[in-house]
Amino acid sequence: MPLLRKVQDRLGIVVVAVVTGFLLIGAFAQTSAPTADVIDIHVDKPGASISPGMFGVFFEDINFAADGGLYPERIKNRSFEFTEPLSAWTKLLRDGAEGELDVRTEGALNANNPHYLRLHVDTPGSGFGIANSGFRGIGAQAGEDFTFSAYVRNTGSGPRKIRAALIDEQGKTIGEALLAGFNREWKKYQATLHATATTAHARLNVIVEEPGDVDLDMVSLYPKDTWKNRPNGLRKDLVQFLADMHPGFMRFPGGCIVEGRRLALRYQWKKTVGDVSDRLGIVNRWNDEMAKRLTPDYFQSFGLGFFEYFQLAEDIGASPLPIVNCGMACQFNSSETAPLSETGAFIQDALDLIDFANGPVETPWGAVRASLGHPASFHLKTIGVGNEQWGPRYIERYKLFAAALKSKHPEIALISSAGPSPSGKEFDYLWSNLRQLHADIVDEHYYARPEWFLANSARYDGYDRKGPKVFAGEYAAQTDRVVSLENRNNWEGAIAEAAFITGLERNADVVAMASYAPLFAHVDAWQWTPDLIWFDNLRSFGTPNYYVQKLYANNVGTRILPVTAPKGLYVSASIDQRTSEVIVKIVNVSGAARPVKIGGAFGSGRAFVLANANLKAENSLDQPGLLTPVESAVAASPQGLSFSLQPYSFTVLRLPLANPRALKPAKTKSPDPS
Ligand code: AHR
C-alpha cells in the first residue's frame with residue numbers, strides 16, 4: 001500500500017479511488033464445464049522442513065482487545081487515571097442526597113496511581129455515590145460470580161460501608177456486594193457479587209449511605225470464572241479461540257502500540273509487571289488514531305501486562321514473540337526518534353526482557369519472574385526490534401540492537417522490519433540493508449485487496465533461499481480498500497488469504513512464520529477492520545479468516561512436497577512424518593465445482609472443507625457457525641483419490657500413505673486437524 005494512502009486513510013481524508021497495479025478484475029471468475037484435473041504430488045521428493053510453529057497469532061491492544069476484551073475487568077477507569085479522571089463514572093444522588101466527587105492526589109495509593117476519588121457526603125439521602133458504565137456496558141451471565149474490590153481509606157468519621165449494585169438495562173438490581181470496616185490507611189477490601197440475570201449492558205453503582213469523607217481507588221468488578229480460574233485472569237471464550245488454533249507463536253504487544261504516537265507513550269514492558277495497582281496506565285494510541293472511529297475512552301490499564309502475555313503464550317502452546325521499541329515513535333504519527341546515543345537504554349530494556357523471560361532466578365529480572373510465580377523459563381527464542389519502522393534511522397538503530405543482543409544472546413533470533421508496505425522504495429531499501437547485515441528474519445506486512453493476495457500467491461517462489469527468512473507478520477485482505485472502515489471479514493477476503501497462504505507454505509524454507517492482523521475486535525468499540533475474532537460483552541465468534549488460519553495452523557506437515565497445481569487452483573502439499581499422512585490444501589476461487597484427481601497410493605483419509613457459494617457471506621454473533629470447516633471421510637482407490645472441490649472452497653485433505661514404511665518417523669506429535 002502506498003505510504004501516503006495509508007496516512008490519508010488514517011487521518012480520515014477522503015481518498016479518490018486508486019486502482020493499484022495488482023487489481024485483477026474478475027479474479028473470482030465463474031467457470032463451467034467441469035473436467036477432472038490432476039494434482040501431481042511428489043511424495044517421493046520431500047523438500048525443506050516446515051517449522052511446526054509457522055502459523056501464529058498477532059496480538060495488539062486495538063479495538064478494545066485488552067481492556068474490555070481479553071482482560072475481563074468490568075470497570076473502566078478503575079483507578080481514576082484517565083485524562084478525564086471521572087471518565088466512565090457518573091455521580092449518583094438518591095432521595096435528597098447531597099455531596100461532591102473530589103478527584104485528589106494527596107496521599108495517593110502509590111506513585112504510579114496518583115489519583116483517587118474522595119466521596120464527600122453532606123447528606124446521604126438514600127445513597128450517594130458513583131456509577132460505572134463499563135466497556136460499552138458491563139456484561140454478566142446469570143449465576144456468574146464476580147469479585148468486587150476497592151482500595152478504601154476512611155478519613156476518620158466517614159462512611160464505614162460501601163455497597164455495590166449491578167443494575168441491568170431495565171434498572172433492576174441483579175447483584176450486590178458490601179465492603180465494610182475501613183480505617184485511615186489504604187487497604188484493599190473485597191466481596192463476592194453474584195449476578196442473578198444475564199445482561200450485556202449493565203452498570204455498577206457504588207454507594208455510601210452515611211455522611212463524611214471516604215477515599216476510593218482501584219474499584220474493580222472482576223469475573224471469577226477466568227481462563228484457568230486465575231485471579232486477574234483472562235476471558236475464557238477468547239483464549240479458547242487461540243488455544244484451538246494451536247498457534248506456533250504469539251506476537252505481542254503489537255503493532256503500532258509498541259511505538260506510541262510519541263516516545264513518552266511507547267509501550268514500556270517494565271511498567272506492565274507487578275501488582276496491578278502499581279502499573280502506570282497510559283492513553284491507548286488507537287484512542288484518536290482513526291479520525292472516523294474516535295474512541296476517547298480508550299486507555300491501557302496494563303492489567304494484561306508482560307507477565308500475563310508470557311503466561312498466555314505458554315498456556316496456548318505458542319512461542320512468545322515480544323516486539324520491543326527501538327527508540328522510534330510511530331512514523332505515521334510524530335516520528336519522534338531518540339538520539340542514536342540514547343539507544344543503549346532501549347537495548348537494555350530488551351536485554352532485561354530476555355532475562356525476565358529466560359534468566360535464572362538469581363538474575364534480577366529472573367527473580368522478578370519467579371516472584372510472580374513462574375521460576376521456570378518462558379523459553380523466549382525470538383524478539384522483534386521495532387514494529388513497522390523504515391528508513392536509515394531504523395537501520396542505524398537495528399545495527400546497534402543486533403550487535404548488543406547477538407553478542408550477549410546469540411541464541412535469540414531477531415525480527416527486523418520491512419516497513420508498512422510489501423513493495424516500493426522503503427521496502428527495497430530495508431531489504432537490501434538487512435540482507436547485507438545478515439538479518440535473521442524480516443517482518444513483511446501486507447494489507448491489500450483480495451486480488452492482491454491471489455496475484456501474489458507465488459510471491460516467495462523467487463525469493464533468495466540464502467538470505468534472511470521472512471515473517472509474514474501482519475496481513476489481511478481488505479475487501480473494500482486498505483484501512484477502510486467498510487472492510488468486511490467475509491468469505492471473499494478469507495478465501496483470497498487461503499489461496500495466498502498456499503504460497504507461504506510451499507515456500508516454508510523462506511517463510512518461517514506468518515500471522516493475520518489484527519486479532520480481536522469489540523463489535524461496539526473497534527477502530528480497525530477486518531479482524532480475526534469479534535466479540536461483545538458476552539459472546540464471540542471466529543470469522544471465516546479465523547477458520548482459514550486454524551486449518552493451516554492445525555495441519556502443518558513436517559516437509560514440503562513438490563506439487564503441480566492445475567490452472568485456476570491454488571495448491572500446497574506437505575507430508576506429516578509423524579502420522580505418515582500427505583496433507584493437501586486446495587483453494588478453488590471459482591464459482592463452479594472442480595473435480596480433481598490426486599495420484600498416489602493412499603488409505604481412507606479425511607477432508608476439511610470451508611466453503612460458501614456467497615463470497616459476501618460472513619459469520620456473526622447471531623450466526624457464528626455459518627462458515628466453519630466441515631469434516632468428512634474420503635476414500636481413495638489404489639490409483640489415487642477423486643474429489644470434487646466445492647465452488648468457492650478451501651479444502652484440506654489428510655491422506656494416509658498406503659505404504660508409510662519408506663518414511664522416516666518423526667518424534668513430535670501432530671495437532672488435532674479440525
Ligand atoms: O494491525 C493494525 C496496524 O497495522 C498495526 O498496529 C501496524 O503495525 C500496522 O500498520
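Everything discussed here concerns the structure shown above.
This is a predicted model, so every value here is computed, not measured.

Colleague: Help me understand the packing of helix H4 (residues 343-358) against helix H5 (residues 364-371) in this model?
Modeller: Helix packing for two helices is described by the angle between their axes and how far apart those axes are. Between H4 and H5, the shortest axis-to-axis distance is 7 Å and the interhelical angle comes to 45°. Relative to H5, the element H4 lies oblique. For H4 against H5, the interelement crossing comes out right-handed. Across the interface between the two elements, Asp-352, Asp-355, Phe-356, Ala-357 and Asn-358 from H4 touch Trp-365, Gly-366, Val-368 and Arg-369 from H5.

Colleague: Could you clarify how one ought to interpret the site of the ligand in this entry?
Modeller: The full set close to the ligand counts twelve residues, and Glu-60, Cys-256, Glu-388, Tyr-447 and Glu-474 are the nearest of them. At a separation of 2.7 Å, an oxygen atom of the ligand approaches a polar side-chain atom of Glu-388. One of the side-chain nitrogen or oxygen atoms of Glu-474 is found 2.6 Å away from an oxygen atom of the ligand. When the ligand sits alone it has 280 Å² of accessible area, and the protein chains cover 100% of it. The class makeup of the residues in the shell around the ligand is five nonpolar, two polar and five charged.

Colleague: Please clarify how the pairing of strand S18 (residues 382-385) should be interpreted in this entry.
Modeller: Looking along a regular strand, one sees the side chains alternate between the two faces of the sheet. Where burial is concerned, the two faces of S18 agree: the one with Thr-382 and Gly-384 and the one with Ile-383 and Val-385 are both buried. Where strand S17 (residues 319-324) meets S18, two bridges bridge the pair, whose relative direction is parallel. Looking at the pairing, Ile-323 lines up with Gly-384 of S18. In terms of strand pairing, S18 meets strand S19 (residues 413-417) through three bridges, oriented parallel. The residue of S19 that forms the bridge with Ile-383 is Leu-414. On the question of chirality, the crossover connecting S18 to the parallel S19 by way of helix H6 (residues 392-408) is right-handed.

Colleague: Help me understand the sheet that holds strand S14 (residues 249-252), please; the structure alone is not making it clear to me.
Modeller: Whenever strands of a sheet pair, they do so through backbone hydrogen bonds, lying parallel or antiparallel. Pairing in this open sheet of eight strands is parallel, and the strands run S2-S14-S17-S18-S19-S20-S21-S22 from one edge to the other. The sheet is open, and its two edges are formed by strand S2 (57-58) and strand S22 (511-514), each paired on a single side. Against the sheet, helix H3 (residues 306-315) engages S14 and S17, with an angle of about 160° to S14.

Colleague: Would you take a moment to explain the packing of aromatic side chains for this structure?
Modeller: When we look at a pair of aromatic rings, we describe it by the centre distance and by the angle of the planes. All chains considered together, the criterion is met by 46 aromatic pairs. Ring geometry for Phe-59 against Phe-520: centres 6.1 Å apart, planes inclined by 65°, an arrangement best described as edge-to-face. Here Phe-59 is found in the loop between S2 and strand S3 (89-94), whereas its partner Phe-520 is found in strand S23 (residues 520-522), with 461 residues between them in sequence. Side by side, Phe-59 and Phe-520 carry an identical accessibility label, which is buried. With a centroid separation of 5.9 Å and 80° between ring planes, the pair formed by Trp-286 and Trp-528 is classed as edge-to-face. In this pair, Trp-286 sits in the loop between strand S15 (282-283) and strand S16 (299-300) while Trp-528 sits in the loop between S23 and strand S24 (533-535), placing the two residues 242 residues apart along the sequence. Residue Trp-286 is classed as buried on the basis of its relative accessible area of 1%.

Colleague: Can you help me understand the packing of H6 against helix H7 (residues 425-436) in this one?
Modeller: Between H6 and H7, the shortest axis-to-axis distance is 10 Å and the interhelical angle comes to 20°. For the element pair H6 / H7, the angle class is roughly parallel. As H6 runs across H7, the sense of the crossing is right-handed. Between H6, through Pro-392, Tyr-394, Ile-395 and Tyr-398, and H7, the contact on the second element is made entirely by Tyr-429, Leu-430, Asn-433 and Leu-434. Taken together, the residues of the contact of H6 with H7 sort by class into seven nonpolar, one polar and no charged.

Rules used in this analysis
- Residues numbered from 1 in each chain as written.
- Predicted model: local features only at pLDDT ≥ 70, side-chain atom pairs only at ≥ 80, totals over all residues.
- Heavy atoms only, no water.
- Axes fitted to C-alpha atoms, helices over the stretch in contact; angles between N-to-C directions.
- Helix = DSSP H or I, 4+ residues; strand = E, 2+ residues; numbered from the N terminus.
- Parallel < 35°, antiparallel > 145°, perpendicular 65-115°, else oblique.
- Left-handed = near helix turned anticlockwise from the far one by under 90°.
- Contact = heavy atoms within 4.5 Å.
- Near = heavy atom within 4 Å.
- Polar contact = N/O pair within 3.5 Å; in protein donor to acceptor, adjacent residues only side chain to side chain.
- Areas by Shrake-Rupley, 256 points an atom, 1.4 Å probe, with all protein chains shown as cover.
- Nonpolar A, V, L, I, M, F, W, Y, C, P; charged D, E, K, R; others polar.
- Buried < 20%, exposed > 50% of the residue type's maximum accessible area, 1.4 Å probe, protein only.
- Pairing = 2+ DSSP bridges.
- Right-handed = clockwise from strand over helix to strand, strands pointing away.
- Phe/Tyr/Trp six-rings, centres within 6.5 Å; stacked < 30°, edge-to-face > 60°.

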